[in-house]
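Structure assessment
Spelled out, the chains give:
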Amino acid sequence: MSQMQEDRKDTRQNKQQWELPRLQNWTYSEDEDTLEPLTRLYEQMVAFYELVKTSELTTSDFDMIFQNILLIFQESKPWGMFRNYLEGKLEKENLAAKTTGFIVSANILGKALDWSTEEQYQLLKASILHDTGMMKLQDSIIEKKGRLDDEERKTIQHHPEDSRLIALELGAEGAVCRSVFEHHERYDGKGYPQGLKGDEISFYAQILIILDYFIAMVSNRTYRSAMVGFFAIKQLI
């Protein structure tokens, strides 16, 4: 059994008590154009990162934010949120906005692949937590619009370890903590911090890597405009 299969098997051993809201309708309609659910999700992430930055985030805080996110998905149609994010209607370009897109995309992916409730929860938690270590960095690095210099790049490459430590402190499952630590590895072994390759990278981390590329492609950069969502997906495939 590969490490990827073992990771998925492990997530099935401790089923959660709650149920992940099921999709009511996978088709997109005009009544999903409201930005309110996406804005609410973004506000949750702004509050989350503020607590992380001030070192005031507790396990109960994280549990409450996670439940709030599940409630937003339960009360909304995910395809509408996904489309609104891809069309740039959130009109925000910061870490909270990036993580909002990450979570929306993870929710869509987990449902599309018909994962178990536990597997979907693990992916959502990893999506929320993967960049928490960025809050340990100086604002000048986090908010820099251009390319990082060598020293800044070296500094930022430590954030997966800080994210893992925060996830551990919050009592996140082992598979979540590991995926958070490995989300900047690369299949060819040229990633960081460990230089893992192929199936040495845990299952959820491989999903986070794909989502990270996707969010980067559909986001504006100083050296290029955001890619249309359809073409970004086509490139990844």
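Summary of the structure given here. (Residues numbered from 1 in each chain as written. Predicted model: local features only at pLDDT ≥ 70, side-chain atom pairs only at ≥ 80, totals over all residues. Heavy atoms only, no water.)

Moving on: the packing of aromatic side chains. This model, assessed by the stated rule, comprises nine aromatic pairs. When the ring of Phe82 is compared with that of Phe214, the centres are 6.1 Å apart and the planes differ by 20°; the resulting orientation is stacked. Of this pair, Phe82 sits in helix 4 (residues 78-86) while Phe214 is found in helix 11 (residues 203-217), placing the two residues 132 residues apart along the sequence. Neither residue differs from the other here; Phe82 and Phe214 are each classed as buried. Where Trp115 meets Phe203, the ring centres are 5.3 Å apart and the plane angle is 50°; that geometry is what we call tilted. With a gap of 88 residues between them, Trp115 in the loop between helix 5 (95-112) and helix 6 (117-129) and Phe203 in helix 11 connect regions that are remote in the sequence. On the accessibility criterion, Phe203 (6% relative accessible area) is buried. When the ring centre of Phe66 is taken as reference, the NZ or CZ atom of Lys125 above it lies at 5.3 Å. Across from the ring centre of Phe181, 5.6 Å away, lies the NZ or CZ of Arg164, which sits over that ring. (Phe/Tyr/Trp six-rings, centres within 6.5 Å; stacked < 30°, edge-to-face > 60°. Helix = DSSP H or I, 4+ residues; strand = E, 2+ residues; numbered from the N terminus. Buried < 20%, exposed > 50% of the residue type's maximum accessible area, 1.4 Å probe, protein only. Lys NZ or Arg CZ within 6 Å of the ring centre and 35° of its normal.)

So, on to helix 2 (residues 36-53). With 18 residues, helix 2 ought to run about 26 Å at 1.5 Å a step, and its terminal C-alpha atoms sit 26 Å apart, in line with that. Looking only at helix 2, the buried set comprises Pro37, Leu38, Leu41, Tyr42, Gln44, Met45, Phe48, Tyr49 and Val52. Angular distribution of buried residues about the axis of helix 2 spans 155°; they occupy a single face of the element. The secondary structure elements touched by the buried residues of helix 2 are helix 3 (59-75), helix 4, helix 5, helix 6 and helix 9 (159-169). One or two residues past the end of helix 2 sits Ser55, with phi positive at roughly 60°. (Expected span 1.5 Å × (residues − 1). Arc of directions from axis to C-beta. Contact = heavy atoms within 4.5 Å.)

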